[in-house]
Amino acid sequence: MDIDLKSFFDEVEHYILLELIYKKVKCKATLKLLRSFLKAPILIDGKLHKRKKGVPQGSPLSPLLSNILLNELDKELEKRGHRYVRYADDFSIYVRSKKAAKRVGNSIYNFLRNKLQLPINREKSGIRNPLGFQVLGFGFVPTYKKGEKGKYQLVVKPSKWKEFKAKLKQLTKKTIPASFDERVARINLLVRGWINYFKPASIHAKLKKLEEWLRNRLRYCIWHHWKKPERKRKNLIRLGIDQGQAYAWSRTRMGGWAVAQSPILRTTITVKRLEMKGYLSLIEYYKR
């Protein structure tokens, strides 16, 4: 069951939020400062308008204050024993049946309306089937294992794979003015963050295929960096290619991307050689 709060940051009641803070922080000066922050006027069409409710956005304080308020929702869901995921004002609750979803949805709706005075966006909220439900970049697919009917596994949304590949493609553009070491360091930073986030999902097969593409992109960068035919010839010889073959490949009319995928570079600029230059294997990092 997916629940979306309607214009959350504009609907927060100041007195409810300040009362929750006062229970933990009994400091008049702090509360006065927070009250001033919450009541900061809004500039609309060149005129300042008083703020009667809502949390000003754009400050590091805003998400903190919103989490203080929605922590009450977390406690209520935990007290009832529900399984849920919440990130800022987006949250979903997981139940076993449609009947249970309706019952839980109505009770949570009443809690949000009566206790926290937060309205729900009914158009964006509703009961979702696992196959049609996505949250925080994750989706669900059946396990397809014998004896596991009705069970699902986590996967990454297709759009997140596309974004990840697009970022890797940008970092491996041959025209970027960066050394190979700098390029690899940036890639490793991106890879660590992405894999750490999506590690709970089933990503091994797609990650393996993506890594093959990424290694070819790096080989392409190296081939482009060698530039002149004579330099290509000498470097191929250093990598163990005999002189005649090295000469022929250094003068090839094939495009750089085709050469990167050819045996001449795949067998010389190996994974081991890339790792010696600092390359972080996606699969190896995922298995850690």
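In this report, we go over the structure that sits alongside the text. (Residues numbered from 1 in each chain as written. Predicted model: local features only at pLDDT ≥ 70, side-chain atom pairs only at ≥ 80, totals over all residues. Heavy atoms only, no water.)

Quick word on the overall build of the protein
From N to C terminus, the protein includes 14 helices and 8 strands. A compact globule built from 288 residues should have a C-alpha radius of gyration of about 19 Å, whereas the protein, at 27 Å, is more than 25% larger. For the protein, the C-alpha atoms occupy an extent of roughly 80 × 60 × 35 Å along the three principal directions. Scored against the burial criterion, the 288 residues of the protein give a buried share of 41%. Sequence separation of at least 24 residues holds for 63% of the intrachain contacts in the protein that already meet a minimum separation of 6. Of the accessible surface of the protein, which amounts to about 18300 Å², a share of 53% is contributed by carbon and sulfur atoms. Both charge centroids of the protein, one from 65 positive and one from 24 negative side chains, sit 4 Å from each other. (Helix = DSSP H or I, 4+ residues; strand = E, 2+ residues; numbered from the N terminus. Rg over C-alpha atoms; globule rule 2.2 N^0.38 Å. Buried < 20%, exposed > 50% of the residue type's maximum accessible area, 1.4 Å probe, protein only. Contact = heavy atoms within 4.5 Å. Areas by Shrake-Rupley, 256 points an atom, 1.4 Å probe, with all protein chains shown as cover. Lys, Arg positive; Asp, Glu negative; His and termini not counted. Charge placed at Lys NZ, Arg CZ, Asp CG, Glu CD.)

Some thoughts on the sheet that holds strand β5 (residues 90-94)
Backbone hydrogen bonds hold the strands of a sheet together, and the pairing may be parallel or antiparallel. Spatial ordering of the open sheet is given by β1-β5-β4, a layout of 3 strands whose pairing is antiparallel. The two strands at the open ends of the sheet, each matched to only one other strand, are β1 (2-4) and β4 (83-87). Ignoring which end each strand starts from, the neighbouring axes of this sheet average 15° apart. Note that β1 and β5 share 3 bridges and pair antiparallel. When the bridges of β5 are listed, Asp2 appears paired with Ser92. Its contacts with the sheet put helix α4 (residues 61-79) on β4 and β5, and the angle it makes with β4 is roughly 175°. (Pairing = 2+ DSSP bridges. Axes fitted to C-alpha atoms, helices over the stretch in contact; angles between N-to-C directions.)

Quick look at the nonpolar core
Within the largest apolar cluster, 40 residues are counted, with the highest numbers of intra-cluster contacts made by Phe164, Leu168, Trp194, Leu207, Leu236 and Leu282. At the level of secondary structure, the elements contributing two or more residues to this core comprise α6 (158-171), α7 (180-198), α8 (204-226), α10 (243-250), α12 (263-266) and α14 (282-287). With residues up to four places along the chain from it excluded, the contact list for Phe164 reads Leu190, Val191, Trp194, Leu207, Leu210 and Leu282. Residues Leu20, Val104, Ile108 and Leu112 belong to the second largest nonpolar core, which totals 29 residues. (Core = buried A, V, L, I, M, F, W, Y, C linked by side-chain atoms within 4.5 Å.)

Details of the pattern of salt bridges
Using the criterion set out here, one finds 9 salt bridges in the structure. Two residues, Lys75 and Glu72, come together in a salt bridge whose shortest N-O distance is 3.2 Å. A residue pair is termed a helical-turn pair when its members lie 3 or 4 positions apart in one helix, as Lys75 and Glu72 do in helix α4 at 3 residues. Its salt-bridge partner being Glu76, residue Lys79 comes within 3.5 Å of it at the nearest N-O pair. Taken as a pair, Lys79 and Glu76 lie in helix α4 at a separation of 3 residues, close to a single helical turn. For Lys79, a relative accessible area of 65% puts it in the exposed group. Exposure remark for Glu76: the relative accessible area of 12% places this residue in the buried category. The network of salt bridges with shared partners includes Glu76, Lys79 and Arg80. (Salt bridge = Lys/Arg side-chain N within 4 Å of Asp/Glu carboxyl O.)

A word on the pairing of β5
Relative to β5, β4 runs antiparallel, the two sharing 5 bridges. Note on β5: the bridge partner recorded for Tyr87 is Asp90. Linking two consecutive strands that pair antiparallel, namely β4 and β5, is a turn of 2 residues; a positive phi of about 55° is found at Ala88 within it.

Quick look at the environment of Leu38
For Leu38, the location among the structural elements is in helix α3 (residues 28-38). Those residues in contact with Leu38, other than ones at most four positions away along the chain, are His14, Leu17, Leu18, Arg51, Gly54, Val55, Pro56 and Leu65.

As for the sheet that holds strand β7 (residues 138-142)
The 3 strands lie next to each other as β6-β7-β8, forming an open sheet whose pairing is antiparallel. What marks the edges here is a single partner per strand, and that holds for β6 (134-135) and β8 (152-156). Pairing of β6 with β7 involves 2 bridges; the strand directions are antiparallel. Note that in β7 the partner of Val135 across the bridge is Phe138.

A look at the environment of Lys32
Its location among the elements puts Lys32 in helix α3. Look at Lys32 and you get exposed, because its relative accessible area is 58%. The spacing of Lys32 and Ile120 is 88 residues in sequence and 30 Å in space, taken between C-alpha atoms.

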